[in-house]
Protein chains: 2
Amino acid sequence: VDEFDEIARLYRPLTRGAPEALDLLDDAAVIPSRPGYDLVVTKDAIVAGVHFLPDDPLDLVARKLLRVNLSDLAAKAAEPYAYFLAVAWPTACGFAERERFAKGLAQDQQAFGLRLFGGDTVSTPGPLTASLTVMGWAPSGGAVRRGGAKVGDVVLVSGTIGDGGLGLKAAQGALEGVTHDEAAWLADRYRLPQPRLQLRQTLRDHASAAADVSDGLLADAGHVGTASGAGITLDLDSLPLSAAARTWVGAQPDPCAALLVLASLGDDYEIVCTARPSAVDALTTSAATAGVRLAAIGRVTAAHGLAARYAGAPVAIQRTGWSHV
Amino acid sequence: VDEFDEIARLYRPLTRGAPEALDLLDDAAVIPSRPGYDLVVTKDAIVAGVHFLPDDPLDLVARKLLRVNLSDLAAKAAEPYAYFLAVAWPTACGFAERERFAKGLAQDQQAFGLRLFGGDTVSTPGPLTASLTVMGWAPSGGAVRRGGAKVGDVVLVSGTIGDGGLGLKAAQGALEGVTHDEAAWLADRYRLPQPRLQLRQTLRDHASAAADVSDGLLADAGHVGTASGAGITLDLDSLPLSAAARTWVGAQPDPCAALLVLASLGDDYEIVCTARPSAVDALTTSAATAGVRLAAIGRVTAAHGLAARYAGAPVAIQRTGWSHV
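These numbers were taken from a predicted model, which means no experiment stands behind them.

Enquirer: Kindly report on the overall build of chain A, identifying the contributing residues and their values.
Expert: Along chain A, the regular secondary structure elements total ten helices and twelve strands. Projected onto the principal axes, the alpha-carbon positions of chain A cover approximately 65 × 50 × 30 Å. Within the span of chain A, comprising 325 residues, buried residues form 60% of the whole. Sequence separation of 24 or more characterises 84% of the internal contacts of chain A that already satisfy a separation of 6 or more.

Enquirer: Just give me the short version of helix 9 (residues 255-262) of chain B, but keep the residues and values in it.
Expert: Residue and element names in this part refer to chain B. Within helix 9, six of the eight residues are buried, which leaves it mostly tucked inside the rest of the structure. Regarding helix 9, the residues found buried are Cys256, Ala258, Leu259, Leu260, Val261 and Leu262. Where helix 9 starts, the residue carrying a side-chain oxygen 3.0 Å from the main-chain nitrogen of Cys256 turns out to be Asp254.

Enquirer: Before we move on, can you summarise the sheet that holds strand 1 (residues 29-32) of chain A with the specific residues and values?
Expert: Where strands meet in a sheet, backbone hydrogen bonds hold them as pairs that are either parallel or antiparallel. In spatial order, the strands read 1(A)-2(B)-5(B)-3(B)-4(B); together these five strands make up an open sheet with mixed pairing. Each edge of the sheet is formed by a strand with only one pairing partner; in this case those strands are strand 1 of chain A together with strand 4 (115-124) of chain B. Between one strand and the next, the sheet's axes are offset by a mean angle of 20°, whatever the strand orientation. Pairing between strand 3 (residues 79-90) of chain B and strand 5 (residues 129-139) of chain B: nine bridges, direction antiparallel. Looking across to strand 5 of chain B, one finds that B:Ala88 is bridged to B:Thr129. Seen against the sheet, helix 3 (residues 95-112) of chain B touches strand 3, strand 4 and strand 5 of chain B and runs at an angle of roughly 170° to strand 3 of chain B.

Enquirer: An account of the pattern of salt bridges is requested, with residue identities and associated values reported.
Expert: Residues and elements named next belong to chain A. The tally for this structure, following the rule as stated, stands at 28 salt bridges over all chains. Ionic pairing is found between Arg100 and Asp59, a salt bridge with its closest N-O pair at 3.2 Å. Here the residue Arg100 occupies a position in helix 3 (residues 95-112), and Asp59 occupies one in helix 2 (residues 58-75), the gap between them amounting to 41 residues. Given a relative accessible area of 18%, Asp59 falls into the buried group.

Enquirer: Describe the sheet that holds strand 12 (residues 313-315) of chain B, and please don't skip the residues or the numbers.
Expert: All names here are of chain B. Read from one edge to the other, the open sheet built from seven strands follows the order 7-9-6-10-8-11-12, with strand pairing classed as mixed. Bordering the open sheet on either side are strand 7 (209-212) and strand 12, each of which pairs with just one other strand. Each neighbouring strand pair of the sheet contributes to a mean axis angle of 30°, computed without reference to strand direction. Judged from the five bridges that link them, strand 8 (residues 231-235) and strand 11 (residues 305-310) form a sheet pairing that is parallel. Counted as the bridge partner of Ile232 is Leu306 from strand 11. Against the sheet, helix 10 (residues 280-289) engages strand 6 (154-158), strand 9 (271-275) and strand 10 (294-301), with an angle of about 5° to strand 6.

Enquirer: How would you sum up the relation of the copies chain B and chain A? Please name residues and give values.
Expert: Each of the two chain copies can be brought onto the other by rotation about an axis and movement along it. Of the two same-sequence chains, chain B is brought onto chain A (RMSD 0.0 Å, axial shift 0.0 Å) by a rotation of 180°. What the rotation and shift describe, once combined, is the action of a two-fold rotation axis. It is B:Gly126 whose C-alpha, among those of chain B, lies nearest the rotation axis, at 2.2 Å. Comparing interface residues between copies, 96% of those in chain B also lie at the interface in chain A; the contact surface is shared.

Enquirer: Describe the interface of chain B and chain A, listing the residues and the values that go with them.
Expert: The partner chain A presents 54 residues to the 55 residues of chain B that form the contact. A salt bridge links A:Lys76 to B:Asp26; the shortest N-O distance between them is 3.1 Å. Counting across the chain B and chain A interface gives 24 residue pairs in polar contact (both at pLDDT 80 or more). Elements that contribute at least two residues to the side of chain B that touches chain A include exactly strand 1 (29-32), strand 2 (37-47), strand 3, strand 4, strand 5 and helix 7 (217-228) of chain B.

Enquirer: Report on the side chain of B:Ser228, specifying residues and quantitative values.
Expert: Residues and elements named next belong to chain B. Mapping Ser228 onto the fold places it in helix 7. In this structure Ser228 comes out as buried when scored by relative accessible area, which is 16%. Here Arg146 takes part through its backbone oxygen, which lies 2.9 Å from a polar atom of the side chain of Ser228. Filtering out sequence-adjacent residues up to four positions away, Ser228 remains in contact with Arg146, Gly147, Gly148 and Ala149.

Enquirer: Tell me about the nonpolar core, and please be specific about residues and values.
Expert: Among the nonpolar cores identified, the biggest contains 139 residues, and A:Tyr83, A:Leu85, A:Phe101, B:Tyr83, B:Leu85 and B:Phe101 are the most heavily contacted of them. Every residue in contact with B:Tyr83, bar those within four places of it in the chain, is listed here: B:Leu14, B:Leu66, B:Leu105, B:Gln109, B:Leu114, B:Arg115, B:Leu116, B:Phe117, B:Gly118, B:Leu132, B:Thr133 and B:Val134.

Cut-offs applied
The numbering scheme is per chain: residues are counted from 1 as the chain's sequence reads. Each chain is given a letter, starting from A, and each ligand a number, starting from 1, according to the order in which they appear as written. For this predicted model, a pLDDT threshold of at least 70 governs which residues receive local features, and a threshold of 80 or more governs which side-chain atom pairs are given and counted, while totals over whole chains, interfaces and linings are taken from all residues. For side-chain calculations, the full set of non-hydrogen atoms in the structure is used, while hydrogens and water are omitted. Numbered from the N terminus, helices here are DSSP runs of H or I no shorter than four residues, and strands are runs of E no shorter than two. Exposure classes here rest on a 1.4 Å probe applied to the protein chains alone. A residue is buried below 20% of its type maximum, exposed above 50%, and partly exposed in between. Note on definitions: a residue-residue contact is assigned when non-hydrogen atoms from the two residues lie within 4.5 Å. Polar contact criterion, stated in full: a pair of N or O atoms within 3.5 Å, where within protein one must be able to donate a hydrogen and the other to accept it, and residues adjacent in sequence count only if both atoms are side-chain atoms. Pairing between strands is defined by DSSP: at least two bridges between them are needed. Here an angle of 0 to 180 degrees is reported between the N-to-C directions of two axes, which are lines fitted to C-alpha atoms, with helices fitted over the stretch in contact. Whenever Lys or Arg places a side-chain nitrogen within 4 Å of a carboxyl oxygen from Asp or Glu, that contact is recorded as a salt bridge. Least-squares fitting of one copy onto the other uses the C-alpha atoms of those residues that reach a pLDDT of at least 70 in both copies. Only buried Ala, Val, Leu, Ile, Met, Phe, Trp, Tyr and Cys residues count toward a nonpolar core, and they belong to the same one when joined by side-chain atoms within 4.5 Å.

Encoded structure:
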């Protein structure tokens, strides 16, 4: 199977005939202007052994790669449109592995309304490395940004927090304090995040700022504060937790420290957003109608920086605690 | 230097204040629609030890990465606009290396009219790997494609052919048959290709199809034929050669075989294009006015596939000869 056969068999079907992709026969795509809309563009890269486990099934790796980028689009309230893929393949990965990766792309691009417009495949003596450039549309000026939070706004987060990070430990077989079923559920959350695209209209209508939770809730809420020129205070006892995460917290000696860990783990791909207090009811109601629970977890403050409280009292945040269970 | 310092010090200056980049504080860029224009998008990846030499200076590596992507824009007759960068850094690369890479980007993005809109930096246990997504504008419907060649069209190529591939050998200290100065000149051609962006208007006005010569002239001319549903016949004795390449050919036992090698090497980043016979004079005159020499080197044929001739006689093309001197 040479490069052109590989493109024809694995990648051309992923264009689903989109004229922009020029059948992948050119080295570029041509995207017509769409008056009244902004093109929202995000780009993320992943490396085997760093962002996913070397023995993770490649269809799941591909789906996660699409989803982490879609999560960025979700935070901007953009509608998925297209993607470009670059993969550096280790020589040990043959056609079967590449086919499995492409099958994962096919499955999720269909589910999320994306088409492949182009990219590049190269070989590497190193680990499998892939980068995706994902594009979405937002009505002109309608993309929600990180920098729109105002002092006094309420901070909210979708879904549950900490499952992705616990799931990584579970996938490594290194998570204690939960049941076997809970560990399996958490590992699935890690391997296959759910980008919150259904919050698009809700965020556009009611949120002042938004980001996705990829680096960890504390870090990403902090980014919203920094981009907005404000501070953020989070109430750890308000964190929405899954049943599995609650089990894990219950097994830890110090619940406050455990919550701080969950708020520091990455890979949740939930949405942290802010809203004027008067808009919070409309925001949460609209989200609930879209099938997503939003929990109020803190406030935007005049004092810069990130602060946390537990049972009403300040909690010291250890920067070094952010990326490890 | 943490990730946010690194973004602030190395990457934010590369946005040159473009509002689309949102100061790199968001995980996405927002590109307003530009009615009357198509957005042309290309994405290429490079790996240390595969696409560049592991000890190549990182500012030159960055500049080459920009230029190989700009070469794709040049072939589409698009005007450079913006780029997104993903880099997987080996842990051995510290701030000084990253700064040198960013300096190379700064130098060339200024020269070519690009701004950085976003991207991702991650770490890797493997070799330095980078991918660029580059965007340009073309008037609606004005992007030149690979698939527009018609039977009877003349095939032309810009500049000189084979220097990039000979330059790779020279950079490795493995090129014989040329002078020391010629070897140094060829190595420069390999390290720092010149994207032919000045041909933009010329191609748009007069060419029926175009591609850049990255995989090798035979391969890329073949792509034009395939995309156009036609064949291509090239006259090896018409290949435009640099003085250094002529020296090298003169040192080979078989000039026809030597020309075939030059037409098979990659990394030239010239433009191969086609034009109706009646448009060739206008095409070459317009190109000359833009400072680029175009040489007629063959014809588009009804018979599919790629053929070569030397002194009027057919030459067998060995697929296996395409990527090695």
